[in-house]
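What follows is each chain in one-letter form.
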Amino acid sequence: MTLFTTRGTQGFSNTMNLFDNILRTQRGPATDSEDTFSFLNRSAWPASEEVRNLLESFFRRYPSSESAELQRKFKAQFDSAFFELFLHELLLRLGCEVAVHPNINGTDAKPDFLARFHEGQEVIVEAVIATDRTDKERRRDARLNALYDAINSKTISPNFFICLGPISDRDAIPTPKKIRKFIKERIAGLDPDVVARALRIGCELPRWTYRDEGGFELEITATPKMPEFRGNPAIRAIGAYPGEARWGDSRAALKKSIDDKATKYGDLDRPFVIAVNVTSKWGIDRDVVVKALFGSKELGDESDGVWNATRNTRLSGVLVTMMGPWSIHCASLCLYHNSFAKRSCREIPWKISQAIAREPEMQWLEGTNPPELFQLPDGWPGERMDE
C-alpha cells in the first residue's frame, strides 16, 4: 500500500517522466491506427505540448513508489492509466490526502484509491473505463484502421481526396493492398482540372464500387483537391470516412462497467465510489446515465438500474465523466449518489457537480468547473492542428 500523499507538492519525490525526452518535429495528425500515447509522445503541435506538460505535472504528484507501474501502463493501456492519473489529481484538487492501492480488510484485492477529506471523511474510489466496444469490434476496428492508413498513404492520391461510402460488411474487410491497388488504378488516368471543370457544369464526380468474392463492398468517390493542396504529402487522401449508425445508447456499457466493480471488494467499512470515464464514440448524456443508474422509469423504481433497495447497496455513488487528454478543461464531472447506499457519501465536501434522487425528479447541484479546479487558462490547450 502507498501511504497517504499530501495535498500539495511537498513530500513528492517522483522524478520519472511519462513521455520521452526527445526533439519533436512531426506536426501531422495521428494515423488511424496510431494509439493515443504514441501520437501524444511524438506530436510537435503546441497543443500536444500543453497536454504533455499538464500530465507530467500530475505525474510529479503521483507517489514515487507507484510511478513505475503507472508509467508502464501509460504506454500499454493508455485510457485506463490516463484516467487513474486524472482521478488521483482530481482527488488532490478536491483537498484530499490520497493513498494509492490501499489494503482493505477482508480481501486481497486493492482498490485504486483511498481518499481522506479535510474533515476526516474517507472514501474508497475505483476507476473504470466504459468503452462500449466488444473484443470483436476492437479487432474489426483495427482492420478498418489499417485499411484507412493504406488509403491515406502519401503516394496513393496526390491530386484527389478519396471519399468512402458505407461499408457493406465490416466483418469481411479484405487486405488493404487490394483496395489500395483498386483506387490507384482508377485514379491514375484522372486529371483534377478536367474533373473540376466537369463538376462546375453539373457532371458527377468519378465514382466506383469495390467488390470482392467475400461479399465486401465499398463505394469510392474521387474529389479533386484545390491546386494549392495537390502533391502535398502532409494532406491526407481520405476526405470523408464511411458513416456508421446503431440502435440504442451506451446504457448497457455503463451498467456493465459499474456492475463488474460494484462487489469486487466485499462489504466495505467506508463509502465506496466508482468513477467511470465513458470513452464510447457514441457519447453519453445525462438522461442515459440516470436511466442506467436508477432504472428506465422513476427514480429507483425499476429493477433494470445499477442500484435499488436490494441491489448494489454497498455502492455509495458513481462519478461519471467523458473526456480525454485534450478535453480535461471541458470535462463534465458529476457524482450520482445512491439513495439506497448503506454508507452515504453525501455529507462529504465534493465541490464537483452532484446528482441526488429527490422524488419525483433528480436534484442537480452545480460544482466547480474543471478549468478552475485544474487552474487551466482560457483557450487551453490551444488548437490541436496547425493553421
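Caption draft 1: The arrangement of the sheet that holds strand β6 (residues 217–224) in detail. Strand order across the open sheet formed by four strands is β5-β6-β4-β7, with mixed pairing between neighbours. Edge positions in the sheet fall to β5 (207–211) and β7 (238–240), since each of these pairs with one other strand and no more. The mean angle between the axes of side-by-side strands here comes to 35 degrees, regardless of whether they run parallel or antiparallel. Pairing between strand β4 (residues 160–167) and β7: two bridges, direction parallel. Bridging from a neighbouring strand, isoleucine 162 pairs with isoleucine 238 of β7.

Caption draft 2: Focus on the pairing of strand β12 (residues 361–365). One ladder, built from five bridges, connects strand β11 (residues 353–358) with β12; its direction is antiparallel. The partner of glutamine 354 across the bridge, within β12, is leucine 365. Connecting the antiparallel pair β11 and β12 is a turn made up of two residues.

Caption draft 3: Expanded view of the sheet that holds β12. Read from one edge of the open sheet, eight strands run β1-β2-β3-β8-β9-β10-β11-β12, paired in mixed fashion. The outermost strands of the open sheet, each flanked by one partner alone, are β1 (97–100) and β12. Between one strand and the next, the sheet's axes are offset by a mean angle of 25 degrees, whatever the strand orientation. Lying over the sheet, helix α9 (residues 286–294) contacts β9 (317–321), β10 (334–337), β11 and β12, oriented at roughly 30 degrees with respect to β10.

Caption draft 4: View of the packing of helix α3 (residues 64–76) against helix α4 (residues 78–93). Across the interface, α3 lies against α4 with an axial gap of 6 Å and an inter-helix angle of 135 degrees. As summarised for this structure, α3 and α4 are arranged oblique, according to the angle between their axes. Residue-level contacts link Leu70, Lys73, Phe74 and Ala76 of α3 to Phe78, Ser80, Ala81, Phe82, Glu84 and Leu85 of α4. For the contact of α3 with α4, the class distribution of residues is seven nonpolar, one polar and two charged.

Caption draft 5: How the structure looks around the pattern of salt bridges. On inspection of all chains with the given rule, the structure shows 23 salt bridges. A salt bridge links glutamate 122 to arginine 116; the nearest nitrogen and oxygen atoms lie 2.9 Å apart. The shortest N-O distance in the salt bridge between lysine 261 and glutamate 126 comes to 3.0 Å. Placement of the pair is lysine 261 in helix α8 (residues 251–262) and glutamate 126 in strand β3 (residues 122–130), with a sequence separation of 135 residues. Across this residue pair, the class does not change: lysine 261 and glutamate 126 are buried. Connected through shared salt-bridge partners, Glu97, Arg116, Glu122, Asp269 and Arg270 make up one network.

Caption draft 6: Broad picture of the packing of helix α2 (residues 46–60) against α4. Orientation of α2 relative to α4, taken along the N-to-C sense of each, is 65 degrees, at an axis distance of 10 Å. By the angle between their directions, the pair α2 and α4 is classed as roughly perpendicular. As α2 runs across α4, the sense of the crossing is left-handed. Seen from α2, the contacting residues are Leu55, Phe58 and Phe59; seen from α4, they are Phe82, Leu85, Glu89 and Arg93. Of the residues contributing to the contact of α2 with α4, the split by class is five nonpolar, no polar and two charged.

Caption draft 7: Structural detail: the layout of surface pockets. Reported here for the largest pocket is a volume of approximately 1600 Å³. Every residue lining the largest pocket is counted, 41 residues in all, and those nearest its centre are Glu34, Thr36, Asp79, Arg133 and Thr279. Taken together, the elements giving at least two residues each to the lining of the largest pocket come down to α1 (36–42), α3, α4 and α5 (135–151). Examining the composition of the lining of the largest pocket, we find that six residues originate from one element, α5, more than from any other. Per-class residue counts for the lining of the largest pocket are 17 nonpolar, twelve polar and twelve charged.

Caption draft 8: Structural view of the side chain of serine 316. Structurally, serine 316 can be placed in the loop between α9 and β9. By relative accessible area, which is 1% here, serine 316 ends up buried. Reaching out from serine 316, the side chain makes a polar contact with the backbone oxygen of arginine 343 at a distance of 2.5 Å. Beyond its immediate stretch of four places on either side in the chain, serine 316 contacts Pro271, Phe272, Tyr336, His337, Asn338, Ala341, Arg343 and Cys345.

Calculation criteria
In this convention, every chain numbers its residues from 1, walking through the sequence in written order. A pLDDT threshold of at least 70 governs which residues receive local features in this predicted model, and a stricter bar of 80 or more applies before side-chain atom pairs are shown or counted, although totals over entire chains, interfaces and linings include all residues. Excluded from the side-chain calculation are hydrogens and water; included are all heavy atoms of the structure. Strand pairing follows a simple DSSP-based rule, namely that at least 2 bridges must link the two strands. Starting at the N terminus, helices and strands are each numbered in turn, a helix being any DSSP run of H or I of at least four residues and a strand any DSSP run of E of at least two. Only the stretch in contact is used when fitting a helix axis, every axis being a line fitted to C-alpha atoms; angles between N-to-C directions are given from 0 to 180 degrees. For this analysis, residues touch if any pair of their heavy atoms sits within 4.5 Å. Working rule for angles: under 35 degrees goes down as roughly parallel, over 145 as roughly antiparallel, 65 to 115 as roughly perpendicular, anything else as oblique. Charged means Asp, Glu, Lys or Arg here, nonpolar means Ala, Val, Leu, Ile, Met, Phe, Trp, Tyr, Cys or Pro, and polar covers whatever is left, Gly included. Only one rule defines a salt bridge in this text: a Lys or Arg side-chain nitrogen within 4 Å of an Asp or Glu carboxyl oxygen. A 1.4 Å probe rolled over the protein chains alone gives each residue an accessible area, and that area as a share of the maximum for its type sets the label: buried under 20%, exposed over 50%, partly exposed in between. Here is the rule for handedness: rotate from the far helix to the near one, and if that takes an anticlockwise turn smaller than a right angle the crossing is left-handed, while a clockwise turn gives right-handed. Put plainly, a pocket is an open set of points on a 1 Å grid over the protein atoms alone with protein on both sides within 12 Å along at least five of seven lines, a cavity is a set where a 1.4 Å probe fits but cannot get out, and a lining residue has an atom within 4 Å of a point. Grid points are joined across faces, edges and corners, and a volume is the space filled by probe spheres set on the points. Definition of a polar contact: a pair of N or O atoms within 3.5 Å, with one able to donate and the other able to accept a hydrogen when the atoms are protein atoms, and with sequence-neighbouring residues admitted only if both atoms are side-chain atoms.

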